[in-house]
Amino acid sequence: MERLRKYGFVAGFLAVPLTLYTVFVISPYVQAFQLSLTSWNGYSSIVRYVGLDNFGRLFEDEVFWRALRNHGILLLVLPLVTIVIALLFAFLLNLGGGTRGAGMQGVWGSGFYRVVFFFPQVLAVAVVGVLFQAVYRPDADGVINGVLARFGLDPVGWLIEPDLALWSIIAVMVWQAVGFYVVLFSAGMAAIPKDYFEAAALDGAGRVRLFFSITLPLLRDTVQVGWIYLGIAAFDGFALIQVLAGDKGEPDGATTILPITIYNTAFSYQKVGYASAMGVALFFLTVTFAVLTLRTTRRERVEL
Amino acid sequence: MTHPGEITRRQLIRRIGMTAFVAGPGAGLLSACATAGGGEPSAAPATSLPASANPRNPFGVDAKKPLEVAIFSGAYGDSYAKDLHEELYKKAFPGVTITHTATQEIGTQLRPRLVAGDPPDVINNSGPKSMDLAALAAEGHLADLAPLFDAPSIDDPAKKVRDTVTPAVIVNANVSGKDLVLNYTVSHRALWYNAALFADKGWKVPATWEEFTALGETAKREGILLFAYPGQKGPYYQLWNVLYTAAKIGGNQVILDLDNLVDNAWNAEPMKRAVTVWVDIQTRYGDKAYFGLDHTQTQIKQLQNKVLFYPVGSWIENEMAKDKPQDFEYAIAPIPEVTGSDKMPYGAIQVGVGENFVVAAKGKNPQGGLEYLRIMLSKEGARSFTEKTKNVTVVNGAAEGVDLPAGLLSAARAQDRAGQNIITEARFEGWYKELFDYGTEQINVVMAGRITPEEFCANLQKKADDVKRDDSIAKQTRSQ
């Protein structure tokens, strides 16, 4: 009886959010799975089932594979670069100043840097996109190319050379994400008892040693979370790539990604069923990635 | 996103026979959740409304019924509807309430409303997010405009509306065998240049490819590019340009073959030749930076006299009106003679009708919708549109006496000179959008020199073959 009352109380609180979640998150997913088995065009009220045909087509779809290749690059590069830079900055901001007076502290002016690092995070993706359009503009009116032109260098087609475009976009993604992870890792570092560092410092450990022997191992969980977030971000990139590169994977499919391909397939080519199949594929890719990351990085928690 | 001329009948006739789908098990349930409204599958064709005998109110409009008008707010803006056409409608039916919706995302905003059975009465289906009309037609969402075309004209009740508009309107109204779309504007596409600059420098508009490249050399010495197109947001401008050049070399049949998915149509000699000569122009007189500029940036460069020729349509003048310096005078130039024995003589340009308007069959006031279009097609409605947007409508003679800007006058004169030599529009753009989009992607690749013209043609042919084989895409044909 006691138990029932307790769970009834909890259930009462959970009912509303669970219902909302089911209606607005779970049910669209279920519908997407269902639609992926059809050839629905988004207009008709009659829906024809085609079984797994859509998935068969996926395997022969050049654009799909191109998108996967680009996601692969994003998945390898984006989390790695962002986390390395964010860790470095977070370390410098929090512990990089060495011991002074009472304990460990960041480099001089770290309070100011902390705010500045966070700036890009506050900007909407569309704003970032437009901003970097100006930065990457391929003629001498571009911000970077304008500087290059001063030194007598030829303008670089950041977004129009197939070898450069995706990297240029990854740079923007890193630029935007770093601030958030600096804050995240700073919080993680703040949770590490200061005496660990002080003891190690007294024993003569330098900053590099402090970082690799104490900070990084104790930040493991936080970094893991960051890795998953960034991995999932690597499966998105919709707005940024749409604004910077356009919606057809310009140039030459170098920036093709699944979300944009799905959007085009559904809303430009009216193949909602086929687009849903791509969505389902994307869903499984994302879930697989998250599970793999969690599995491979699982380890005993270090008790503080 | 302001390309009104981009979509002359963008999404036509794609899915005839859509309603012949066989519903599989559970389809009823699925459609109920997927289409938000579901209900009985409506295989009903376009709704025909009974015409009334009264020439002043041929559709029997109920003056008390409110009307909703949805306008794509692109280069024409939406005030022509709000301040002109809707006011005329209110004058005809005093006291009526009109809801005006303006959006740049026609499909995104309206498709759910159509599917849910709550559409606006009049829809200006244009812009990059315009809706697939053939699919809407197959669902019975579009009202039959035949009663409109057969209704008496507002200006002369003795005349039918169909006799007051340019004949291309009637030809292009047809979707899936019925007259469902009204194309409202006329546009002219070829190469656009600054006539004032040419007069100033004493340059002659090139009529042959030799003169064209010679001018390219002259311009190069002055630091001006002969030609550029926007590689980022408007590569289709260059795809059009290449298609029209091919049609000029080999006649309109080249484009008809592409539209009809004729085997090896993309590998035809005129097509290869057209791509080759333009790639050559890009290599010798172009600047690769333009591959990364959008249409506005490119058009600004032209206004700064950094680019001589730009492939676009007559909407350019209005689109750039705010930025155009006083001493810049837009004028149209036909594509120069390429081979010396082109099928179409020098002077051939593309003249098309565009800017789609449809009436929702399942709306609350389809009669009002038809009447609204009839008002748009009145001399007053058309003339005021031209005055406001500086674009010519399909209504015959409605632009007479209107003070037209230089570019439009130039286009009108070019059309007179072209006479019967009008380059036809490539309709696969609306029929097989995947093929068209692929073309706009590949045109950048070939113009940038990353593939050869032969490879471009072969790639497009492969895509066209894929479309031809794909049973899920309804095929269209044209004979003229």
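Rules used throughout
Residues numbered from 1 in each chain as written. Chains lettered and ligands numbered in written order. Predicted model: local features only at pLDDT ≥ 70, side-chain atom pairs only at ≥ 80, totals over all residues. Heavy atoms only, no water. Helix = DSSP H or I, 4+ residues; strand = E, 2+ residues; numbered from the N terminus. Buried < 20%, exposed > 50% of the residue type's maximum accessible area, 1.4 Å probe, protein only. Areas by Shrake-Rupley, 256 points an atom, 1.4 Å probe, with all protein chains shown as cover. Lys, Arg positive; Asp, Glu negative; His and termini not counted. Charge placed at Lys NZ, Arg CZ, Asp CG, Glu CD. Salt bridge = Lys/Arg side-chain N within 4 Å of Asp/Glu carboxyl O. pLDDT = per-residue confidence, 0-100. Pairing = 2+ DSSP bridges. Domains from an automatic or database assignment. Contact = heavy atoms within 4.5 Å. Buried area = accessible area lost by both parts, 1.4 Å probe. UniProt positions renumbered as here; feature names shortened; annotations may be inferred. Axes fitted to C-alpha atoms, helices over the stretch in contact; angles between N-to-C directions. Parallel < 35°, antiparallel > 145°, perpendicular 65-115°, else oblique. Nonpolar A, V, L, I, M, F, W, Y, C, P; charged D, E, K, R; others polar. Right-handed = clockwise from strand over helix to strand, strands pointing away. Expected span 1.5 Å × (residues − 1). Arc of directions from axis to C-beta. Left-handed = near helix turned anticlockwise from the far one by under 90°. Phe/Tyr/Trp six-rings, centres within 6.5 Å; stacked < 30°, edge-to-face > 60°. Lys NZ or Arg CZ within 6 Å of the ring centre and 35° of its normal. Polar contact = N/O pair within 3.5 Å; in protein donor to acceptor, adjacent residues only side chain to side chain.

### Let's talk about the overall build of chain A
Reasoning step 1: Within chain A, the secondary structure is distributed over 13 helices and two strands.
Reasoning step 2: Taking the principal axes of the C-alpha coordinates as reference, chain A spans close to 80 × 75 × 30 Å.
Reasoning step 3: The buried share among the 304 residues of chain A stands at 43%.
Reasoning step 4: Surface accessibility of chain A: about 15900 Å² in total, with carbon and sulfur atoms responsible for 69%.
Reasoning step 5: One way to put it: in chain A the 21 positive side-chain charges average out to a point 9 Å from where the 20 negative ones average out.

### Describing the pattern of salt bridges
Reasoning step 1: Applying the stated criterion across every chain yields a total of 30 salt bridges over all chains.
Reasoning step 2: Between A:Asp141 and B:Lys301 there is a salt bridge, with its nearest N and O atoms 3.6 Å apart. Of the two residues, A:Asp141 is situated in the loop between α5 (125-136) and α6 (143-150) and B:Lys301 in helix α12 (residues 295-303); the pairing between them involves two chains.
Reasoning step 3: Taking the shortest distance from any N to any O, the salt bridge between A:Glu161 and B:Lys288 comes out at 3.8 Å. Remark: B:Lys288 occurs in the loop between α11 (269-285) and α12 and A:Glu161 occurs in the loop between α6 and α7 (165-190); the pair is interchain, linking two chains.

### With respect to unusual backbone geometry
Trans is the common state for peptide bonds, and a negative phi is the common state for residues other than glycine.
Reasoning step 1: In this model, A:Glu250 is joined to A:Pro251 through a cis peptide bond whose omega is -15°.
Reasoning step 2: Tracing the sequence through the fold places A:Pro251 in the loop between α11 (238-244) and α12 (258-268).
Reasoning step 3: For A:Gln270, which is not glycine, the phi torsion reads 55° and is therefore positive.
Reasoning step 4: Relative to the elements of secondary structure, A:Gln270 occurs in the loop between α12 and α13 (272-296).
Reasoning step 5: Residues other than glycine seldom take positive phi values, yet B:Lys390 does so here, at roughly 55°.
Reasoning step 6: Relative to the elements of secondary structure, B:Lys390 occurs in the loop between α15 (379-389) and α16 (406-418).
Reasoning step 7: For B:Lys390, a relative accessible area of 30% corresponds to the partly exposed category.

### Describing the confidence of the model for chain A
Reasoning step 1: Scored by pLDDT, chain A comes out at a mean of 87, with 95% of its residues at no less than 70.
Reasoning step 2: Taken element by element, chain A is modelled with least confidence in strand β1 (residues 99-100) of chain A, mean pLDDT 57, and with most confidence in α6(A), mean pLDDT 93.

### What about the pairing of strand β10 (residues 349-359) of chain B?
Each regular strand shows side chains that alternate between the opposite faces of the sheet.
Residue and element names in this part refer to chain B.
Reasoning step 1: Burial of β10 is extensive: 11 of the 11 residues sit out of reach of the surface.
Reasoning step 2: With seven bridges connecting them, strand β6 (residues 182-194) and β10 associate as antiparallel partners. Note that in β10 the partner of asparagine 183 across the bridge is asparagine 356.
Reasoning step 3: With two bridges connecting them, β10 and strand β11 (residues 422-423) associate as parallel partners. Along β11, the bridge assignment pairs glutamine 350 with isoleucine 423.

### Side note on the domain arrangement of chain B
Residues and elements named next belong to chain B.
Reasoning step 1: According to the domain assignment, chain B consists of domain 1 (67-187 + 351-423) and domain 2 (189-349 + 426-469).
Reasoning step 2: Relative placement of domain 1 and domain 2: their C-alpha centres are 28 Å apart.
Reasoning step 3: Contacts between the two partners involve 21 residues from domain 1, matched on the other side by 21 residues from domain 2.
Reasoning step 4: Together, the buried faces of domain 1 and domain 2 total about 1700 Å²; carbon and sulfur atoms form 57% of this surface.
Reasoning step 5: Its largest share of buried area at the contact with domain 2, domain 1 owes to Ser187, Asn421 and Ile423, together 35% of the area lost on that side.
Reasoning step 6: Where domain 1 meets domain 2, there are zero salt bridges.

### What about the environment of A:Thr261?
Residue and element names in this part refer to chain A.
Reasoning step 1: In this structure, threonine 261 sits in helix α12.
Reasoning step 2: In this structure, the C-alpha to C-alpha distance between threonine 261 and valine 143, residues 118 residues apart in sequence, is 30 Å.
Reasoning step 3: Residues within four places of threonine 261 in sequence aside, it is in contact with Val63, Ala67, Thr256 and Met278.

### Structural notes on the UniProt feature "transmembrane region" (unreviewed entry) in chain A
Reasoning step 1: In this numbering, the UniProt entry assigns the feature "transmembrane region" (unreviewed entry) to residues 7-30, 73-95, 115-136, 164-184, 227-245 and 272-294 of chain A.
Reasoning step 2: Within the segment residues 227-245 of chain A, helix and strand shares are 79% and 0% respectively, and the terminal C-alpha atoms sit 25 Å apart.

### A closer look at the packing of helix α3 (residues 62-94) of chain A against α12(A)
When two helices pack together, you describe them by how their axes are tilted relative to each other and by the distance separating the axes.
Residue and element names in this part refer to chain A.
Reasoning step 1: Where α3 meets α12, the axes come as close as 9 Å, and the angle between the chain directions of the two elements is 155°. With respect to each other, α3 and α12 are oriented roughly antiparallel. Along the contact surface, α3 presents Val63, Phe64, Ala67, Leu68 and His71, while α12 presents Leu258, Pro259 and Thr261.
Reasoning step 2: Considered class by class, the residues forming the contact of α3 with α12 number six nonpolar, two polar and no charged.

### Description of the pairing of strand β1 (residues 67-72) of chain B
Residues and elements named next belong to chain B.
Reasoning step 1: Among the six residues in β1, six count as buried, and that is most of the element.
Reasoning step 2: Side chains Leu67, Val69 and Ile71 project from β1 onto one buried face, and the interleaved Glu68, Ala70 and Phe72 project onto a second face that is buried too.
Reasoning step 3: Bridge count for β1 against strand β2 (residues 98-103) is six bridges, and the pairing is parallel. By the bridge assignment for β2, glutamate 68 is matched with threonine 99.
Reasoning step 4: Chirality of the crossover, the property in question, places the unit of β1, helix α2 (residues 79-92) and β2 among those that are right-handed.
Reasoning step 5: Bridge analysis of β1 against strand β3 (residues 122-124) gives two bridges, and the strand direction is parallel. Counted as the bridge partner of valine 69 is valine 122 from β3.

### Overview of helix α19 (residues 453-469) of chain B
All names here are of chain B.
Reasoning step 1: For α19, spanning 17 residues, the distance from its first C-alpha to its last is 24 Å, which sits close to the expected 24 Å at 1.5 Å a residue.
Reasoning step 2: Among the residues of α19, those classed as buried are Pro453, Phe456, Cys457, Leu460, Gln461, Ala464 and Val467. In a view along the axis of α19, the buried residues occupy a sector of 130°, so they form one face of it.
Reasoning step 3: For α19, the elements touching its buried residues are α9 (235-250), α11 and α18 (433-447).

### Points about the packing of α2(B) against helix α14 (residues 366-376) of chain B
Residues and elements named next belong to chain B.
Reasoning step 1: Contact pair α2 / α14: the axes reach a minimum separation of 10 Å and the direction vectors enclose 115°. For the pair α2 and α14, the sense of crossing is right-handed. Mapping the contact onto sequence places Ala81, His85, Glu86, Leu88, Tyr89 and Ala92 in α2 and Gly368, Glu371, Tyr372, Ile375 and Met376 in α14.
Reasoning step 2: The class makeup of the residues in the contact of α2 with α14 is seven nonpolar, two polar and two charged.

### As for the packing of aromatic side chains
Reasoning step 1: For the coordinates displayed, the defined rule picks out 49 aromatic pairs over all chains.
Reasoning step 2: Judged by centre distance (4.4 Å) and plane angle (25°), the rings of A:Phe89 and A:Phe117 are stacked. Pair noted here: A:Phe89 is in helix α3 and A:Phe117 is in helix α4 (residues 110-122), with a separation of 28 residues, a long-range link.
Reasoning step 3: Here B:Tyr76 and B:Phe385 contribute two aromatic rings whose centre-to-centre distance is 5.6 Å and whose plane-to-plane angle is 65°, an arrangement assigned as edge-to-face. With B:Tyr76 in the loop between β1 and α2 and B:Phe385 in helix α15, this pair connects stretches of sequence that are 309 residues apart. Comparing B:Tyr76 with B:Phe385, the two get one shared label, buried.
Reasoning step 4: One residue, B:Arg189, lies across the ring of B:Trp240, its end atom 3.7 Å from the ring centre.

### What to know about the environment of B:Asn305
Residues and elements named next belong to chain B.
Reasoning step 1: Tracing the chain through its elements places asparagine 305 in the loop between α12 and β8 (307-313).
Reasoning step 2: Residue asparagine 305 is classed as partly exposed on the basis of its relative accessible area, which comes to 25%.
Reasoning step 3: Once the C-alpha coordinates of asparagine 305 and histidine 188 are considered, the two residues, 117 residues apart in sequence, prove to be 22 Å apart.
Reasoning step 4: Among all residues touching asparagine 305, those that are not within four sequence positions of it are Asn194, Leu197, Ile224 and Phe328.
Reasoning step 5: A polar atom in the side chain of asparagine 305 sits 3.0 Å from the side chain of asparagine 194.

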